[in-house]
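Residues per chain, in single letters:
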Amino acid sequence: MKIALFTETYLPTINGVVTHVKSLKEGLEELGHRVLIVTADSSVKKHQIDGDVMYCPAVKIRKIYNYDIASPISAERLRGIREFNPDIIHIHNEFGIGMSGILIAKFLKIPLVYTLHTMYEDYIYYVANKHFCKFVTRASYNYARALASASAAITGPSKKVEDFFRKCGVKKHINVIPNPVEIDVFNPEAVDAAEGGKLRESFGFDVDDTVFCFCGRLGKEKNISWLIKEWADHVRPDDKLKLLIIGDGPFFTQHENEINEYGVSNSVLLAGKVEHELLPPYYAACDAYITASLSDTNSISMLEAMAMKLPVLHIRDELNAGQVVNGVNGYNFNNGYEMYELLKKLRNLPKEKFTKLGESTRNSIVDANCKNMAKDILKIYESVTKEYALKKRKSFKL
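Described in the following lines is the structure provided in the data block. This one's a predicted model, so the numbers in the text were calculated from it and none came from an experiment.

A separate point is the overall build of the protein chain. Scanning the protein chain from terminus to terminus reveals 13 helices and 15 strands. Whereas a compact globule of 398 residues would reach a radius of gyration of roughly 21 Å, the protein chain reaches 22 Å, a difference of no more than 12%. Its C-alpha atoms give the protein chain principal-axis dimensions of roughly 75 × 45 × 40 Å. Counting all 398 residues of the protein chain, 54% fall into the buried class. Taking all contacts inside the protein chain whose residues are at least 6 apart in sequence as the whole, residues at least 24 apart take part in 69%.

Here is the structure:
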């Protein structure tokens, strides 16, 4: 098959959507299919295809994640896609490029698949003040419903996506396909232990410290302010517990101020931005992963940490139930007190049991690789293209 993947962001930018699309592309190609990435790029003045990526002129919108936003309508883009002649278009964002994918699929009379990666109701505050949040939220529901209506199939990485579409009034079946993880890249056996040890030393961690980490974009939706506050309320200096926050974002300075205000600079550290390919040693320098985010659908950063054998402490999220199973790949907590008790539980686990939990953690997600995800999505492609062809034949007979 020929598949066109439409995404607002792509390499060299790194985020969850980019990692997902890159993994899907690689998985599909490994299965023998041809893929064209269509993405926005504010650095180009005209549409250009470099290898298997079409770069579309765009403007940078700093208010919205620094996204490059392209116009949804372009005759030049249409010509390029028509020349590629895809069997299916698969959109991964909802802005200019996503809307372009919808319009081109309709014009070329080919099926459209839509993957929702982001719970936009958790991000409304980026684009609207509190007086307009309800209005913008309702508008986002209507927009999501329109996108779903235009799609032959909808996918998402967790049940949270299905719940969101039901709120929007969408009754279509939602295909839940978990995110992939680069198992071979995020493999503790492939990381030099000395490199992880040097990183531990550079952050001032003692040999007997138990280090928890979080990795992601530092925004309000990640709930890191709550995590820092609860850490300050419960964790004592003699607990030998440390928290390393990896990433950058609009709340970096706020979190820096919170750490100083709460007096936890000796136990909570900000690592700043780390390039994706450099992440494995950072995970190797840590003992476990922790997150208080309720906005993630199926966090790729968390999956990467799990692949590195880091058990996870996760704030309870019923719509993501099953991603972290108590005693199998980590534990769930409801509040700061329970979080603290679990921090100590992991710290006090005998080395043999902790090692066994790490092995179990990696085993729990080892099948979530690029090829397996591509196989699952390919089944959807094949199903909708058959249905589309059947409808065309019926329409022709009429």
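Next up on the list: the environment of Glu318. Note that Glu318 resides in the loop between strand 14 (312-315) and strand 15 (330-333). When the C-alpha positions of Glu318 and Lys160 are compared, they lie 8.8 Å apart, and in sequence the two are 158 residues distant.

Orientation of helix 2 (residues 75-84) relative to helix 3 (residues 96-108), taken along the N-to-C sense of each, is 60°, at an axis distance of 11 Å. Here helix 3 runs oblique to helix 2, going by the angle between their axes. Considering only the axes of helix 2 and helix 3, their crossing is right-handed. Of helix 3, the residues touching helix 2 (which contributes Arg77, Leu78, Ile81 and Arg82) are Ile97, Ser100, Ile104, Phe107 and Leu108.

What follows concerns the pairing of strand 2 (residues 34-41). Most of strand 2 sits inside the fold, with 7 of its 8 residues counted as buried. Sheet analysis places strand 1 (residues 2-7) next to strand 2, joined by 6 bridges and oriented parallel. Considered in strand 2, the bridge of Leu5 is made with Ile37. The pairing of strand 2 with strand 4 (residues 53-61) spans 5 bridges and is classified as parallel. Across the sheet, Val38 pairs through a bridge with Met54, a residue of strand 4.

Turning our attention to the sheet that holds strand 11 (residues 241-246). An order of 12-11-10-13-14-15 is seen for the 6 strands of this open sheet, with the pairing classed as parallel. Only two strands of the sheet have a single partner each, and these edge strands are strand 12 (268-272) and strand 15. Pairs of neighbouring strands in the sheet enclose a mean axial angle of 25°, with direction left out of account. The sheet contact formed by strand 13 (residues 288-291) and strand 14 spans 3 bridges and is parallel. Within the sheet, the bridge partner assigned to Ile290 lies in strand 14 and is Leu313.

Below, the discussion takes up the side chain of Ser158. Along the polypeptide, Ser158 turns up in the loop between strand 8 (153-156) and helix 5 (159-167). Overall, the relative accessible area of 4% leaves Ser158 in the buried class. At 3.0 Å, the side chain of Ser158 and the side chain of Asn320 are in polar contact. Residue contacts for Ser158: discarding those within four places in its chain leaves Val176, Thr297, Leu319, Asn320 and Gln323.

Moving on to the nonpolar core. Counting 59 residues, the largest nonpolar core has Phe212, Tyr283 and Tyr289 as its most contacted members. Residues contacting Phe212, with those up to four places away along its chain left out, are Trp231, Leu241, Lys242, Leu243, Leu244, Ala288, Tyr289, Ile290, Leu313, Leu343 and Leu346. Membership of the second largest hydrophobic core comes to 34 residues, among which are Ala40, Ala58, Ile81 and Ile102.

Residue Pro12 follows Leu11 across a cis peptide bond; omega there is 15°. Considering the arrangement of structural elements, one finds Pro12 in the loop between strand 1 and helix 1 (16-30). Backbone geometry at Lys109 places phi at a positive 60°, although glycine is not the residue there. Within the element layout of this structure, Lys109 appears in the loop between helix 3 and strand 7 (112-115). Assessed through its relative accessible area of 52%, Lys109 is described here as exposed. At Asn223, a position not held by glycine, the phi torsion is positive, near 65°. Residue classification places Asn223 among the partly exposed residues on the basis of a relative accessible area of 26%.

Scoring rules and cut-offs
- Residues numbered from 1 in each chain as written.
- Predicted model: local features only at pLDDT ≥ 70, side-chain atom pairs only at ≥ 80, totals over all residues.
- Heavy atoms only, no water.
- Helix = DSSP H or I, 4+ residues; strand = E, 2+ residues; numbered from the N terminus.
- Rg over C-alpha atoms; globule rule 2.2 N^0.38 Å.
- Buried < 20%, exposed > 50% of the residue type's maximum accessible area, 1.4 Å probe, protein only.
- Contact = heavy atoms within 4.5 Å.
- Axes fitted to C-alpha atoms, helices over the stretch in contact; angles between N-to-C directions.
- Parallel < 35°, antiparallel > 145°, perpendicular 65-115°, else oblique.
- Left-handed = near helix turned anticlockwise from the far one by under 90°.
- Pairing = 2+ DSSP bridges.
- Polar contact = N/O pair within 3.5 Å; in protein donor to acceptor, adjacent residues only side chain to side chain.
- Core = buried A, V, L, I, M, F, W, Y, C linked by side-chain atoms within 4.5 Å.

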